[in-house]
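Reading the structure
Chain by chain, the residues run as shown.
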Amino acid sequence: SGNGDISQQSIQLESFGAIIYDGDWMNNTLPIDKTVGNDTFFVVTWEKQIPDIFVTDPNGKIYNKGDFEIDNTLLTARLNIDGTAQAGHWMYSILNPGNDQIITITVTSRAADEKIPPLTVNMLVSEKDSYGGRTIYAEISQGFSPVMFANVTAIIERPTGRPIEERLSDDGTGADVVKNDGIYTKKFFKFSGYGRYNFKVRVVGKEGATKKAIRTGARAFYIPGYTENGVIQINPPQPPVNLEDLTTELGDFSRVKSGGVISVPAGTLPVDVPPCKITDLQATIVKNKVELEWTAPGDDYDQGAASRYEMRMSDSLLQLRDNFSTTAPVNLTSMNPQPFGSRENVTFVPENTELKNGTTVYFALCAYDKINQPSAMSNVAKISVYVPWPEHPKGNNGKLEVVCSV
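Residues numbered from 1 in each chain as written. Predicted model: local features only at pLDDT ≥ 70, side-chain atom pairs only at ≥ 80, totals over all residues. Heavy atoms only, no water.

What follows covers the pairing of strand 12 (residues 145–148). Because side chains alternate across strand 12, one face comprises the buried residues Ser145 and Val147, and the other comprises Pro146 and Met148, equally buried. Summarising the sheet, strand 11 (residues 134–142) and strand 12 pair through 2 bridges and their orientation is antiparallel. Bridge assignment links Gln142 to a residue of strand 12, and that residue is Ser145. Connecting the antiparallel pair strand 11 and strand 12 is a turn made up of 2 residues, with Gly143 showing a positive phi of about 65°. (Buried < 20%, exposed > 50% of the residue type's maximum accessible area, 1.4 Å probe, protein only. Helix = DSSP H or I, 4+ residues; strand = E, 2+ residues; numbered from the N terminus. Pairing = 2+ DSSP bridges.)

Below, the structure written as C-alpha cells:
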C-alpha cells in the first residue's frame, strides 16, 4: 500500500521459494505476532502443476487447496484469512505432486490495531565505498522504539552461484556504529562477478530473547571523582544499569523485506580490504596488572580473522593519537587473533611504568591483515590510579583505590 499510515500498509511476514522435487514437501512454521493480523494473505505460486497446499492455524484448523482462490493463468493460489488472524504459530505444508518445479510462498498482513504500531523492517544497501564494498543496513522498530537481539539475515542472489546469507549485527562492532540501536549492519564484499545482485533481509524474533527499548527519563553522566581544594574526592561506585529496566520482551515474530537490486559493472569488483577499526577497547587494573579487552576484527574488514595486532601505550593522549607508531609497544607477538566478533583478552605488567597514585596510561591498537594492511587506530582506553586522602588516621589502611575509565 502507498498509504503513509503504517497501520494500512501491507507487511511481509514470509517470502520463500525453492525447487521442489516430485513428491517432496515444503514445510515451515510461521509466527504471526499480536501487532499484525488484519488482511492476512497466503499466496503460493508454481511453474507447472498446482501443488497440494495445507495451512494450519494455532488452534489446529486446517485450510487446504479448496479454501484458496486459484488462478490457473497466473499459476497462483491465494488464501485470505477472515477478520484478524490469530496470533501464534501457523504452519504451512506444500506437496509437489508432479514434475520438479519452483514453488514460492508469500505471506502478508496489516496492523491488527491502528493505535498500536506494528513491528517493521526497513532495509538499505549503501553506495560502494572506497574499497568497492557495500554496507547492508536493516532497521527493526516498533513505532519509534528500536528492537534489539533479533536474528537478522541478509539473503543475496548473485549473478553466478547459489544465493548466500550474511548475518547482520547490532553490537557496535565492524560496520555497526551504535550498539543496540535497532540498526543491524554488515559489510558485503562477496561479489561473484559482474551483474545484478538482489538483496532481501529476513528477521526472526524469539520470545525471551528479542526486546524492545523503553523510553526513560534523562540520566546524568557518571563522574568517578572530582577535585576539591586540591584534594581528590572519590564518588560512590556507579550504580549498575539493569537492561531489564530499559526493555520489554517481544514474542515470536517474522518479517521479510526487500533491499532492492544493485548492478556491478565490469572493472568495479572490490580490492583487498584491511581489518575494520576496533571500537570497544577497554582497560582495567587487576592486582597491579593491566587487563585489556576488545572485539576481534576480521581480515577483510569483518570477514575471517586478522593476522596480527599492534598495541601501544603512552602517558600522553595526544602523542598516542597523533604519533601512534612512536609510542611504547605492548608485546602481543604470542597472540593469535581470533575470528571477527570473538572477545580478545590480554593481561600484562607494564614495563617502565609504575601503577602508583596519579598514574594515567592510555592504550590503543591496530590490526593487520594477511598482506600487512593496517586497520585504523582503535578507540583509546585509559587507566587512572588515585589514592584518596583518608578521612581518619586509620582511614582505609592504605588500601589502593583505582578508577578506570575508557
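Picking up after the structure, the text goes on.
You will see that Asp39, though not glycine, has its phi angle at about 50°, which is positive. Looking at the secondary structure, you find Asp39 in strand 3 (residues 36–45). One non-glycine residue with positive phi stands out, namely Lys287, at about 50°. Secondary-structure assignment places Lys287 in the loop between strand 22 (282–286) and strand 23 (289–295).

Now for the confidence of the model for the protein chain. Residue-level pLDDT values for the protein chain average 88, and 89% of them are 70 or greater. Per-residue pLDDT stays below 50 along residues 395–406; that stretch engages in 37 contacts with residues further than four places along the chain or on separate chains. (pLDDT = per-residue confidence, 0-100. Contact = heavy atoms within 4.5 Å.)

This part is about the packing of aromatic side chains. Considering all chains together, one arrives at 10 aromatic pairs under this definition. Consider the rings of Trp25 and Phe54, whose centres lie 6.2 Å apart with planes at 35°: the pair is tilted. Linking Trp25 in strand 2 (residues 25–32) with Phe54 in strand 4 (residues 52–56), this pair joins segments that are 29 residues apart in sequence. Here Trp25 falls in the partly exposed class, since its relative accessible area comes to 44%. On the numbers, 6.3 Å between centres and 15° between planes, the contact of Tyr63 with Trp90 is stacked. Of this pair, Tyr63 sits in strand 5 (residues 62–64) while Trp90 sits in strand 8 (residues 88–95), and the two are 27 residues apart along the sequence. Take Trp90: its relative accessible area is 2%, and that puts it in the buried class. Taken together, Phe188, Phe191, Tyr197 and Phe199 form an aromatic cluster joined through their ring pairs. Note that Lys187 overlies the ring of Tyr301, its terminal NZ or CZ placed 5.3 Å from the centroid. In this arrangement the basic side chain of Arg308 is found over the ring face of Tyr368, its NZ or CZ atom lying 3.8 Å from the centre. (Phe/Tyr/Trp six-rings, centres within 6.5 Å; stacked < 30°, edge-to-face > 60°. Lys NZ or Arg CZ within 6 Å of the ring centre and 35° of its normal.)

For Leu355, the location among the structural elements is in the loop between strand 26 (343–348) and strand 27 (360–368). Those residues in contact with Leu355 that lie beyond four places of it in its chain are Ile285, Asn288, Lys289, Val290, Pro350, Ile383 and Val385.

Moving on, we get to the sheet that holds strand 6 (residues 69–71). Taken together, the 5 strands give an open sheet; going across it, the order is 1-9-3-7-6, and neighbouring strands pair in antiparallel fashion. Both edges of this open sheet fall to strand 1 (11–20) and strand 6, since each of them pairs with a single strand only. Direction aside, the axes of adjacent strands within the sheet are offset by 15° on average. Examined bridge by bridge, strand 6 and strand 7 (residues 76–84) share 3 bridges and lie antiparallel to one another. Looking at strand 7, one finds that Glu69 is bridged to Arg78. (Axes fitted to C-alpha atoms, helices over the stretch in contact; angles between N-to-C directions.)

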